Structures are given as structure tokens and as C-alpha cells.
Amino acid sequence: MSLWVDKYRPTTLGKLDYHKEQAAHLRKLVEGGDFPHLLVYGPSGAGKKTRIMCTLRELYGPGVEKLRIEQSQFTTPSNKKLEISTISSNYHIEVNPSDVGHNDRVVIQELIKNVAQVNQLDTSTQKNFKVVVLTEVDRLSKEAQHALRRTMEKYMATCRLILCCNSTSKVIPAIRSRCLGLRVAAPSVDEICQILTTVCKKEGLTLPREMAEKVAEKSGRNLRRALLMCEACRVQQYPFNPERDVSEPDWEIYLRETATLIAQQQSPKRLLEVRGRLYELLTHCIPPDVIMKGLLKELLQVCDGQMKAEVVHNAAYYEHRLQQGQKAIYHLEAFVAKFMAIYKRFLEEGIADIF
Amino acid sequence: MNGSTKEKDDEDIQITKVVFGKTKKPVTWVASSFDSFGPLPHSDQTTPFSKSVSSLPSFSSKKRASTGCSSSVKHTLPCSTDTGSRKRSRDADKRLFVQQALFQTKSSTKTSHSSDLWSERYRPNLKNDLAVHKKKVEEISEWLVKCSNQYAKGRGSAPILLLTGPPGAGKTACVKVLCGEQGWTIQEWSGTSDQAADQWASSEARTEHSLVDTYQSQSQSAVFHNFLLRANKYQALDLTGPSLGTKNDSILASRQANDKKTVIVVEEMPNIFYRDPNQFHDIIRQYKRCGKSPLVFIVSDSNNNSSGIQRLFPKDLMHQLHFDSISMNPVAPTMLVKLLTKIASAESGKLPSPSSSVIETIAVSSGGDIRSALNTLQFACGRDTLDLKAICVVPAKPQLKKHSSSTSSGARLKYGSLKRTGIGEGNHKDDLSLMLGLKDKAIFLFQSVGKVLHFKRGNHMDHQSNPNLPHHLHHFDRDPLLVDPEEVAFKSQLSGDYLTSFLHENYVEFLSSVEDLERAAQYFSDADSLSALWTAREELQTYSVSVAMRGYIHSNSDLTRHDSPRRNHGWLPLHKSRWFSASKQANENVTSARQLFKGYHWEPEVLCTEILPYINLSNPTLHDPGQISFVQEMTTFSRSTQLSRSHLERLNEKDVLEDAEEEESIYWKNSEKKDGAEIEEETNLFSSQSKVQLLQIDENSSDENVVIEEFENEGDDDFEDLFF
């Protein structure tokens, strides 16, 4: 059985539920039979990939939906073997180059070369180019991005790139200027409610309006998450009861507890404890920037206005460091230590004011 | 070459066919004992050798390079291996004689040569001569007795002992002496250098027959395998004994020898095993099955190759095969001083003996390496270096003051105490160590991390040269450091990255206030972002580790003055950096997540932060049991309120890191097997407390007890002593 997210994913541009105007634009773009490189960006769960797949389907027909998962091997100049899994159809190949960490450059170059060097045999019935979909482009190393920009130009004749990322701020300007930017905004709460209701109807369930709104609010306008939440609620209690809380992922609860620990006590011992928890989160594959964001969100709740600015400033500072550096834990911990210091000063001032 | 030499060639070939690696020692088994003499058909040919060597200097290298060529030559020759082996027995008689003669010359030159080196000349012969700690000697002795009992009963599989210790700690000497006393015969594999030397020697010796080189190279592992299994089966053929001139005698001797007990000692592992430990493990397993003689592995552990030991002798293998393991410590300095003094006085007939202070300096600087201490002593006493004396005496004095009383009472004279004599004297020491060629000691990870964490400051008054800070920066004023962080980093022989991560793991416990924490954490963050540019990472690493170390030291506001009271936090165990294991684990989890949930083809981030948690909540029917357990594993977080640092992660005194590159590449591999081994190894480690006591190398066991008590009663100073 598949999750609702997969089950009710629209497959053609016409079936998309929101941003219909954009869908129409995409259709027009593709109608000409050709299109420039695309850079699709937008928040997580906004439907970027759905849109990409719909576009590809529009372009190549239903053949695009016959997917196969393959393992490709690459060898770095230093003779290290890299393995990366790709998802491909006859017309396109999708890959997440950041899987291989700092060796992503090799993957980018080799993979695109491999794809682009093979011309389509029968150009009369098929398009004379293939599409390479690269996901998580914002996690690519700078070297890989530079490699990409060269490759993009070189193989323009036989291949088109669709880059997919959350934020263009981590994509180098050279790439941004070579692509047609396509922003997929997060759906509004209303749109999410509507989709949730439709999905539930198709499942044969009734979803009260309040419940739908609650889930949509809780999801942070992330449609994927909204659907997952809704499905989780359905499993835990049906018929839906708007009174009950929507369950959250465990790591978020864990992160909230960690934030509480930080606010409770400021001492080296506590920092060690928090560090242990941060490691725990990291080993559970929660990306460090997500941890940072989550911590900030929780910690801000105990701050008063003036302090908020300082805390957010520091969070931004260390988040930037996080992106630059190698070892996320240093920066996460530095942020926690910083917050502890700020918060402790704040508390002490408060006590001084009282007396 | 004329026809007659050609015939001789044929004979030679038959014998050289059966080359085994090991020949230097007279004690070896039948087949190989011929090989170094193979090329000598008649004793009268010994003279031409030297000539031909000089006339064909490039020959040996050429031949060694061209195995293919030699094999083609082999085909053209009429004789084959089996005819050779048949002939061998016939030839053996006359050759033995020749060999005998040659051996004697060889060995005599060797002894005259070795007596030049004091470390050879004063090789211990009796148990009491050993400078090794009595307990350790006892331990090995007991093991041998145990083997002996087992041997007498004639059942059970071969006992195996792994003897580790720093180089020059007297491992080999100990085994040899004890075996000698208990009547064991030693069969020794001492490795690769011999083999190489033999190849060289025999090829040189065969220059005359340059065209018919038949040296058969065998893989090292095969040679080793043969050695072990044969050494077990056959008795050594003692060719050096004066009574053995003929074959009959030798057979007789070997019959007698049959009653003897044999210990197989393996010292230098063939290099191939470091690359492929499994091969080695297979051989050892096989030996365990069919071998009877006790087997002793003697391996030096130093900073560099401890990981090699862990790979060659993983804990699971040792457990499985009932390995006994004895770890030797560096020789105690007091012992070493005694020994050196004795030898110096023995030599004093010829040479003026050095002053006791010089001996002490040598003993201390050798770091417990008898061999190097003796060599240094010999060098210091040498006629040519007498002029060094003047320098030697002056700087060593203050140290004498410090230790003269302690030496007599048998208390601590410690390695590394050279460092403690302060900055001014330190320079002298450096001169001295340059002059005497003292060892440049590398320090273990444990020590280097400890040195920085337990840093010490000197008295401000001693260093007036330091400018005073302006008033508004007054709170940054610190007394000068006695530790040089850069030197520590340099000596630790680790990449800055690793040292920083270990410091990072441990610094928190050494700070008391949140403000200090804030600053120190900031410096660690700075240090990491210094390595942001991958192009400059190599160069910047040294700076980055400096930033981290000095940042920590400066932020520790408890210890701004040399006489600031130290917080009595008791013994703080150091921990291993968790970052590497954590990121490895994370990577493995990502990989397995992707593999298990292939069908969902989500990006890993989405998969781990959204899909998996909700799969856990909504509980759809997963078909794969692997998926189910993985989801559960990924969604359970340890909520223990205690510091979740078990003793598994304790940093041990002798721990070393795997190669930096290796560690990194592991990220991408699924080396579960290795993982398991590591964990087991760590669980078996001593608790750090008991290890601490091992560092206090004292000669009397009663002293040791006292030291332990000190540890429990006294404050930090003792712990800090570990690092200085």
C-alpha cells in the first residue's frame, strides 16, 4: 500500500490543484517542444517535484511514468568508488548528487556526460533531448555547482536540466542566470484544506472543516506533511475528532524537550547533556540546519522581545557557520552555549530588578 | 662460460628452487636451510664471489626485476624441480660441510660486529638481568609453564600469546631469556627484512650464474604459512652445533631435538597482512586447529601502528582462539638508570664513564626504550664525542636536584620530566638532546588532549618582557602559558581536525561558568569555519587547531594566574570524539533508509524528517521486516537524563586513531564487521583508572600500591601529572 501522498499525487498539469496559472504557463512552455534549463525552487512540500513530473509527462507522454531505480557507479580521480541511486525513465533521469557528499562534482560531470553523449536514436518521433533532474541543488558543494555550469552549456544540444531546490540563495548566480527560475510557492491554508477534504472524500472518509484547518495550520503550509498528518490521524482515531491534538514526529518532540532543557538550566553539565541529544538527533539523520531552526523556534518562546533579536541574530550567525564548516556539532553547540549565556544574563538582570 | 660451469649451474638450480624466506638464523627447518648455500657448489668458489659482485654491480637489481625473464630461462634448462629434490639428498652431505664452514665464518663476523653495539653485547642472559618489571616477567613465565604443562599432557590446541609493548621494552629479550631458562627451543620468524636481505645476498652470491637465475619468489603470506605449519611439524635442524658435520649427525640431533619443546616466535609480520588481515586470520585459525607448539607474537605498539595491531588481532579473533595477551610497559626509568650505570661502569675500563646526571638524562629521554637508551649511552661515551660532556653536565643538574632523592627511594622519575624544568632550562635540554641525539618523542592522543585541557601557567613575574595590557582589556590578562599548544599539536602527529574534535568533546567539563563556555564554544566554531575552504584546508588546519586550543585556554577564566586555585573536580575521564561515529552512523542510516524505502524515492532529508516519522505514526502495512525495525529504530530517541556517555567512549591512554583518510572513507562504506570488532575492543579495555596506574612505572609492586592510593586521595595534581 502506498501513502496518500503518493496515491493522490496529480500526474498531469491539468490535474494540479493550485497555482493553476503557473501550470498553464508550464504547458505553454512545453508546447513548443523545447524549453530552457529550469530552476524550480520553493519551500518543502509545495509540490515542486509533482510539477516537474507533470511537465515531463506533458512533454514525453505517459512513458515517463515507467520508472526504474538504478545504481550507478562512478570513480573519483582518487580511485574511490561512489555509488549513487538514480531514478530514470526512457526520457529522463533523476538524481540527488548530494548523496555522495563532497564528491558530488564527479557525479555531476560524469552523469551528465553519460546522459548527454547518447543521442536519441529516432528524433522524428521523440524529442531530441533528454532531461536530467537534479534534486537538492542547494546542498551541492561549490565545486560541483561550478562544474555544473560548464556542463550545462556544453551539452545544451542533447540534454536539459531541471534543478530543484528549496532556496536559490545557496545556488551560485552563474547557475541562476542560466536557468529559467520557477518559484513554487507553498499552498495556502485554504488550498491545503480543500485538498485534504478531497483526498478524504476519495478515501471514503469525512473530514470536519475544523480538523482540516487544524492540520493545515500545524503542517506549516507543507502539503506533504499535511497529508501525512492527516493519514496518521486517521490511523490513530477515526472518526476525526477536532478536539484531539495532531500527532507530531518524534524528533520534533525530542527537539522541544531539548529546548526545554536549555531553558531550564544553564551550566556546563547541561550543555553536555544537550550535546548528547544533539548527537542523537544527528545520528537520526535530522539535518543540522533543521535542528538549528527547530531549536530557535522553541527557544524563542521563552524569550522576551529585546532578547529575541539577539537570539535570532546569533542563530543566523551560527547557521551560516554551519553551512561553511565541516562539523555541525561545533556550531550547534556554540549556539546553545551562546543562548545559555544570553538567557542567564537576562535572568540575572531580572532577579536584580526585583530586588 | 664454459661447459663445466654450466653443469654446476644445473646443480645450483635444483637447490635454489626450494627457497623459503627465512634463513639468517641457523635454527630453521630442513628445506630452507639449504637455500642460502644453494649457490655454493664448492667451497673453493667462495673467493670468486667478491670479485664478481664488484664486476657486476647492476646485476642483482636487474635480476630481481625480471622474474619473467628468469622463468623463460628455466624452460631452456633440462633439469626440473623433482629431479632436483632427488638429487638434493645426495648433494646434501657434501654441502652441509661447506655450509658448516660458512656458517661459522658468518656467525663469527656477526658476533664481532654485534659486540660493537652495546645493546647487543649486553643482551640479558638471565632472568635477573632483565630490566623488565618483575610482574611482567612472572606473567610470561607463568604462561610458558602453563604451555609446558599442556605440552606434557599432549592435548589441547596450541596456546597463542600476543605480546605487545613499545619498542625497546624488552619483549623479545624477555621471551628469549625465559625460554632459555625453561628449556624451550625457539623457532623464530623474523620477517621480511631477512627475506629481502637473503634475496639480495643470494642473488649477489649467484652473480657467476647470472644467466640462470632461478630464484623463485613466493608470496610472503605463503612463506609465512609454510613457516608456521612446518615449524610446527618438524624440529629445527641445528646446523651450528659443533658436532654436526655430517648428515647422519644432524638426523641424530633432530631426533634428540624431538624431545625438546619448541616455541614459535613471530616478530615481524609480513607486510601483506596489514593490508589483508583476513588472510592472516585464516592462517592463525588453521594453526590453532593443527598446531601444537605454543606460538608467541611479539608486536611493538607505537603511536603509528596500534591500529595495525587492532586489525591484525581483532578482539573477536583473540577471544575465539583463546589468545593470551600480555602488554609490556616501557622500562621504568629507575631500572634503566641502574642498568645504564652498570653497563657504563663495565665499559669504563676503556672509556671514561659519563656522570650520573647524563645517564639520568638519557634514561629519562629514552622514554623507556632500552635499546635506544643503550645506543645513546654508547654514543655519549664514545671517544669522539667526549667533548659533549661539558654540555651534558650543566643542564642536567637542576633535574638531579629534583630527582636525586627520589631516585634513591625508588619513587617517581618520570619520562617527560625533562619538560618540567622550566623554559630557560628547556633550551639547554634541547641542545643536549640535539647533541646526544636523544629521541624526539611523539605523544599519545590521550596525553596531548590532556596537556591542553590541564594547561599550566607560569609565574608572571618571571617574564617581565610581556607588555601589560591597557586597562580596558585588563580582563584578558593572563599569565604566560607553560604549554606550547602548537608543539603539542605537532607532537601528537594528528591532523588538526582530529585533535580539535577530541578537545571539543572534552572541554566542557573543564569550564565552570556559562560565559567561559560561550567563549570557548565560539572559538571552536571559529576553528571549524577556518577549515571551510577546502582548497586551503590543509594549510589552515594548523591554525584552526591553534585557535581551538588557545581559545579554550584563554576562555578558561578560572585559571588566569599561575597560582589560581584549581577546581577540585577529581579525575575527569577523557572521552573519544563522538562526531566521527555520529556522522558515520548518520550516513549509514541515510543509506539504509534509501535502500529500504527505495520505492518512495524521496530525498533523504524529507525521508528522515517527514516520511519515516509519519510512517511510524500511521503504521501502514510494511512488507519488509527490515523496514519495520528500521522505522522503529529511527524514531526512538534515547531520553536518558544522564550524560549519555558510557565508558565505551572513554579515551584511553594508548588509544590512537585510525588513519584520517580511512575514517573519512568509512562514511561511505558499510563496514559493519569492523565496527563490531571496534566496539568489542573498547568494551574490553581497562577502565581508565586502572590504566592510570600503569603509567606510574615503578619497580616495586609495593610502590605501585602506594601510587594507586595517592590517586584516590589526592587532588588534581596527580591527574595532571599524567600529561606533563
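From a predicted model like this one, the values you see are computed outputs, not experimental measurements. (Residues numbered from 1 in each chain as written. Chains lettered and ligands numbered in written order. Predicted model: local features only at pLDDT ≥ 70, side-chain atom pairs only at ≥ 80, totals over all residues. Heavy atoms only, no water.)

Asker: Any details on a nonpolar patch on the surface? Residues and values, ideally.
Answerer: On the surface, a nonpolar cluster with roughly 420 Å² of combined accessible area is contributed by Ile351(A), Ile354(A) and Phe355(A). Of note, Ile354(A) is situated in helix H14 (residues 328-354). (Patch = residues over 30% accessible without salt bridge, like charges linked within 9 Å, V, L, I, M, F, W, Y side chains within 5 Å. Areas by Shrake-Rupley, 256 points an atom, 1.4 Å probe, with all protein chains shown as cover. Salt bridge = Lys/Arg side-chain N within 4 Å of Asp/Glu carboxyl O. Helix = DSSP H or I, 4+ residues; strand = E, 2+ residues; numbered from the N terminus.)

Asker: Account for the nonpolar core, with residues named and values stated.
Answerer: Ile291(A), Leu295(A), Phe335(A), Tyr507(B) and Tyr552(B) are the most contacted members of the largest nonpolar core, which has 75 residues in total. Broken down by element, the residue count for this core peaks at 13 residues, all from H14(A). In contact with Ile291(A), other than residues within four places in its own chain, are Leu255(A), Leu278(A), Leu281(A), Leu282(A), Ile286(A) and Leu332(A). Listed in part, the 41 residues of the second largest apolar core include Cys230(A), Ala232(A), Val606(B) and Ile615(B). (Core = buried A, V, L, I, M, F, W, Y, C linked by side-chain atoms within 4.5 Å. Buried < 20%, exposed > 50% of the residue type's maximum accessible area, 1.4 Å probe, protein only. Contact = heavy atoms within 4.5 Å.)

Asker: Just give me the short version of the pattern of salt bridges, but keep the residues and values in it.
Answerer: Under the defined criterion, the tally for this structure stands at 30 salt bridges over all chains. A salt bridge links Arg9(A) to Asp6(A), with the shortest nitrogen-to-oxygen separation between them at 3.4 Å. With its nearest N and O atoms 3.3 Å apart, the salt bridge here joins Glu505(B) to Arg578(B). Linking Glu505(B) in helix H23 (residues 496-506) with Arg578(B) in the loop between helix H25 (537-555) and helix H26 (579-596), this pair joins segments that are 73 residues apart in sequence. Looking at Glu505(B), the relative accessible area reads 1%, which means it is buried. By relative accessible area, Arg578(B) is classed as buried at 7%. Among the ionic contacts, a cluster of salt bridges with common partners joins Arg224(A), Arg225(A), Glu252(A) and Glu610(B).

Asker: How would you explain the sheet that holds strand E7 (residues 323-327) of chain B if you had to name every residue and give the values?
Answerer: All names here are of chain B. Spatially, the five strands line up as an open sheet ordered E3-E5-E6-E2-E7, and their pairing is parallel. The strands lining the two open edges of the sheet, one partner per strand, are strand E3 (184-189) and E7. The average undirected angle you get between the axes of adjacent strands in this sheet is 25 degrees. With six bridges connecting them, E3 and strand E5 (residues 261-266) associate as parallel partners. When the bridges of E5 are listed, tryptophan 189 appears paired with valine 266. On top of the sheet, helix H7 (residues 134-153) reaches strand E2 (160-165), E3, E5, strand E6 (295-300) and E7; it is set at about 160 degrees to E7, its chief contact. Packed onto the sheet, helix H13 (residues 277-290) meets E2, E5, E6 and E7 and runs at close to 150 degrees relative to E6. (Pairing = 2+ DSSP bridges. Axes fitted to C-alpha atoms, helices over the stretch in contact; angles between N-to-C directions.)

Asker: Describe the side chain of Arg51(A), naming the residues involved and giving the relevant values.
Answerer: Residue and element names in this part refer to chain A. Inspection of the secondary structure assignment puts arginine 51 in helix H3 (residues 48-60). For the buried arginine 51, no salt bridge exists, and the shortest N-O distance to an oppositely charged side chain is 7.9 Å, to aspartate 17. A polar contact of 3.4 Å, which involves the side chain of arginine 51, links it to the backbone oxygen of histidine 19. For arginine 51, the residues in contact, after removing those within four places along its chain, are Leu13, Leu16, Tyr18, His19, Gln22, Ala23, Leu26 and Val184. (Lys, Arg positive; Asp, Glu negative; His and termini not counted. Polar contact = N/O pair within 3.5 Å; in protein donor to acceptor, adjacent residues only side chain to side chain.)

Asker: Summarise the interface of chain B and chain A; cite the residues concerned and give the values.
Answerer: Taken together, the contacts link 71 residues of chain B with 78 residues of chain A. At the boundary of chain B and chain A, one finds seven salt bridges. Between Arg345(A) and Glu518(B) there is a salt bridge whose closest N-O contact spans 3.8 Å. Connecting chain B to chain A are 22 residue pairs in polar contact (both at pLDDT 80 or more). Those elements that place two or more of their residues in the side of chain B that touches chain A are H23, helix H24 (514-530), H26, helix H27 (604-618) and helix H28 (625-635) of chain B.

Asker: Mind laying out the sheet that holds strand E1 (residues 38-41) of chain A, listing which residues take part and the relevant values?
Answerer: Residues and elements named next belong to chain A. Read across the sheet, seven strands follow the order E2-E3-E4-E5-E6-E1-E7 without closing on themselves; strand pairing throughout is mixed. With one partner strand each, in any of the chains shown, strand E2 (68-75) and strand E7 (180-183) form the two edges of the open sheet. Neighbouring strand axes in the sheet, compared pairwise and without regard to direction, differ in orientation by 25 degrees on average. Where strand E3 (residues 81-88) lies against strand E4 (residues 92-95), three bridges are found, and the strand directions are antiparallel. From the neighbouring strand, isoleucine 87 faces E4, where its bridge partner is glutamate 94. In the packing of H3 onto the sheet, contacts are made with E1, E4, strand E5 (130-135) and strand E6 (159-165), and the angle to E5 comes to roughly 175 degrees.

Asker: Can you explain the pairing of E4(A)? Please cite residues and give values.
Answerer: Residue and element names in this part refer to chain A. Side chains of E4 alternate between two faces, with His92 and Glu94 and Ile93 and Val95 buried alike. The hairpin formed by E3 and E4 contains three residues between the paired strands. Bridge analysis of E4 against E5 gives four bridges, and the strand direction is parallel. By the bridge assignment for E5, histidine 92 is matched with valine 131.

Asker: Describe the confidence of the model for chain B, and please don't skip the residues or the numbers.
Answerer: Low-pLDDT stretches of the model should not have their predicted coordinates read in fine detail. All names here are of chain B. Residues of chain B with pLDDT of at least 70 account for 50%, and the chain-wide mean is 63. By mean pLDDT, the top-scoring element of chain B is H24 (91), and the lowest-scoring one is helix H32 (residues 701-713) (33). This model gives residues 236-257 a pLDDT under 50, and the stretch forms 30 contacts once residues within four places in sequence are excluded. Note that residues 390-430 has pLDDT below 50 and, in this model, 78 contacts with residues that lie over four places away or in other chains. As scored by the predictor, the complex reaches a pTM of 0.62 and an ipTM of 0.85. (pLDDT = per-residue confidence, 0-100.)

Asker: Let's hear about H28(B): which residues, and what values?
Answerer: Residues of H28(B) that are buried include every one of Gln627(B), Phe630(B), Val631(B), Met634(B) and Thr635(B), and no others. Relative to the axis of H28(B), the buried residues are bounded by an arc of 115 degrees and lie together on one face. Packed against the buried residues of H28(B) are helix H10 (250-264) of chain A together with H26 and H27 of chain B. (Arc of directions from axis to C-beta.)

Asker: Give me the environment of Pro604(B): which residues, what numbers.
Answerer: Within the secondary structure, Pro604(B) sits in helix H27. Judged by its relative accessible area of 11%, Pro604(B) is buried. With 13 residues separating them along the chain, Pro604(B) and Thr591(B) place their C-alpha atoms 8.6 Å apart. The residues touching Pro604(B), leaving out its near neighbours within four places in the chain, are Asn96(A), Asp99(A), Glu136(A), Val590(B) and Arg594(B).

Asker: For the packing of helix H7 (residues 189-203) of chain A against helix H8 (residues 209-218) of chain A, give the residues involved together with the corresponding values.
Answerer: Residue and element names in this part refer to chain A. Where H7 contacts H8, the axes come no closer than 9 Å and their chain directions differ by 125 degrees. For the element pair H7 / H8, the angle class is oblique. Relative to H8, H7 is oriented so that their crossing is right-handed. Facing Val189, Asp190, Ile192, Cys193 and Leu196 of H7, the residues of H8 in contact are Arg209, Ala212, Glu213, Val215, Ala216 and Glu217. Looking at the contact of H7 with H8, its residues break down into seven nonpolar, no polar and four charged. (Parallel < 35°, antiparallel > 145°, perpendicular 65-115°, else oblique. Left-handed = near helix turned anticlockwise from the far one by under 90°. Nonpolar A, V, L, I, M, F, W, Y, C, P; charged D, E, K, R; others polar.)

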